[in-house]
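Fold and contact review
Read off the chains here:
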Amino acid sequence: MPHSSTDTALAAKTRLRGLDDDAVNGEPLADALDPMLTPAEAFFVRNNGDMPAAADAGAWRLAVTGEVERPLSLSVAELMESFPVVTITAVLECAGNGRAFLDPPVSGAQWRDGAVGCARWTGVRMGDLLARAGVKPSAVYTGHHSPDRSLTSPDRPALSRGIPIAKALAPETLVAFAMNDAPLPRLHGGPLRVVVPGYPGSAWQKWLDRLDIRDREHDGEKMTGTDYRLPVQPVGPGEAFDAATFAVITDMPVKSLITRPAAGFLASRDEALAVEGWAWSGATPVSGVRVSADGGVTWTSAQLADAVGPYAWRRFSAAVSLPPGPVVLMAQARDVAGNVQPLDDAPWNPRGYCNNLVHRVAGRVL
Ligand SMILES: Nc1nc2c(c(=O)[nH]1)N[C@H]1C(S)=C(S)[C@@H](COP(=O)(O)O)O[C@H]1N2
Ligand SMILES: [Mo]
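Predicted, not measured: the structure shown is a model, and the values here were computed from it.

Definitions and limits used
- Residues numbered from 1 in each chain as written.
- Chains lettered and ligands numbered in written order.
- Predicted model: local features only at pLDDT ≥ 70, side-chain atom pairs only at ≥ 80, totals over all residues.
- Heavy atoms only, no water.
- Helix = DSSP H or I, 4+ residues; strand = E, 2+ residues; numbered from the N terminus.
- Buried < 20%, exposed > 50% of the residue type's maximum accessible area, 1.4 Å probe, protein only.
- Contact = heavy atoms within 4.5 Å.
- Areas by Shrake-Rupley, 256 points an atom, 1.4 Å probe, with all protein chains shown as cover.
- Domains from an automatic or database assignment.
- Buried area = accessible area lost by both parts, 1.4 Å probe.
- Salt bridge = Lys/Arg side-chain N within 4 Å of Asp/Glu carboxyl O.
- Polar contact = N/O pair within 3.5 Å; in protein donor to acceptor, adjacent residues only side chain to side chain.
- Nonpolar A, V, L, I, M, F, W, Y, C, P; charged D, E, K, R; others polar.

Counting its regular elements, the protein contains three helices and 22 strands. C-alpha atoms of the protein, sized along the principal axes, occupy 65 × 50 × 40 Å. Within the protein, the fraction of its 366 residues that count as buried is 54%. Within the protein, counting contacts between residues at least 6 apart in sequence, those at least 24 apart form 71% of the total. With an accessible surface of roughly 15200 Å², the protein has 51% of that area assigned to carbon and sulfur atoms.

If you want it as structure tokens, here you go:
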């Protein structure tokens, strides 16, 4: 897989709207997420800092260090040749997706609905790499390291996250070099990124050049304080809190997105309106989706297609017959544990993470 095209991918984000931010951040409108595999031009981009200069995949090396018997240093080619290559279809969602809907507002990238996508990720299992390195019994957590730097403090990493060692060794966790069967674009972390299905996007470290194994939870850039952490006891707006009691986000709530029809649709009264989209969750599987066209007074249960795998999103579809006039469509997913998406109030926390408020799409029936 040649990596010569990685830089053309920088210009291919034709379906994204940039966020008002110094770093390169952008998200698509919901209807651009209609295909099962999100095309690169519609896949959101989230950068906490700058981007490493155009990376020559031939020169890139990945080090495995820390609590291992045999530290490793591998080129991308060695990585591809040394371990079984696997592909997994998985949703990648930023924990801050939906932050723009919090009331009162919280600071941070003001994502609306589009900081999510589903792709085929190809790479090697992190567990295979770690088996080669020999994980010591003292191993507790990973630390992921990359060359991108903070825009405000250029001597500091932009982001250095980690995951519990059990998730690092789980078969779905990859060090990936391809996305949707093409070389991983630089904007998405090429040549190498971490893929952690079911975990928030922050765990999916881009431009991985060192995988460090630690004997305690990682304390790298944006691992501590309120960054990508949630209060264990709820904290309301304006309430005092101690961020030391917050816990790292390791799961994502059940959620759905209407991708058809598009916002502002004009539909005919003469035929039933097809309402379709995607439902997904972190560790607890989705069990159903229902759709309302009258503000949640009445609901139609949607058909829910099988997923291509446990970490892919699932297609829901419902047909609703509507009288002429303005209409607001809503979709509400639930998981097998009985959790449902909230209808009215976005779940509030100091940094606005994991908002799974129902998605609404307004239009008109003629
Ligand atoms: N090195 C590095 N990796 C990173 C980030 C970053 O800023 N730097 N952002 C993380 C966050 S918060 C998210 S949501 C995902 C976004 O991945 P994408 O840009 O490929 O959509 O990448 C993660 N990996
Ligand atoms: Mo994120």
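Attention now moves to the domain arrangement of the protein. Often the size quoted for an interface is simply the accessible area lost on bringing the parts together. The domain boundaries assigned to the protein delineate domain 1 (4-248) and domain 2 (255-365). Measuring from the centre of the C-alpha atoms in domain 1 to the corresponding centre in domain 2 gives 27 Å. Contacts between the two partners involve 42 residues from domain 1, matched on the other side by 26 residues from domain 2. Interface area, domain 1 with domain 2, both sides summed: about 2800 Å², of which 62% is carbon and sulfur. Of all residues in domain 1, Asp34, Met36 and Leu102 bury the most surface against domain 2, accounting for 19% of the area lost on that side. Across the domain 1-domain 2 interface, the total number found is four salt bridges. A salt bridge links Asp34 to Arg260; its shortest N-O distance comes to 2.8 Å. Connecting domain 1 to domain 2 are 18 residue pairs in polar contact (both at pLDDT 80 or more). The dominant element in the side of domain 1 that touches domain 2, judged by the number of residues it contributes, is strand 5 (residues 85-93), at five residues. Tallied by class, residues from the side of domain 1 that touches domain 2 come to 22 nonpolar, ten polar and ten charged.

One pass over the full model with this rule turns up 16 salt bridges. The partner of Glu221 in a salt bridge is Arg156, and the shortest N-O contact between them spans 3.2 Å. Remark: Arg156 occurs in the loop between strand 7 (141-145) and helix 3 (165-169) and Glu221 occurs in the loop between strand 11 (210-214) and strand 12 (229-230); sequence separation between them is 65 residues. Assessed through its relative accessible area of 19%, Glu221 is described here as buried. Given the relative accessible area of 40%, Arg156 is considered partly exposed. For Arg351, the salt bridge identified is with Asp227, shortest N-O distance 2.9 Å.

Structurally, Leu37 is set in the loop between strand 2 (26-28) and strand 3 (61-66). Given the relative accessible area of 28%, Leu37 is considered partly exposed. Put simply, Leu37 and Thr259 are 222 residues apart on the chain and 13 Å apart in space, counted from C-alpha to C-alpha.

Glancing now at the side chain of Asn356. Inspection of the secondary structure assignment puts Asn356 in the loop between strand 21 (325-335) and strand 22 (359-365). If sequence neighbours within four positions are ignored, Asn356 has contacts with Pro253, Val254, Lys255, Val340, Gln341, Pro342 and Pro347.

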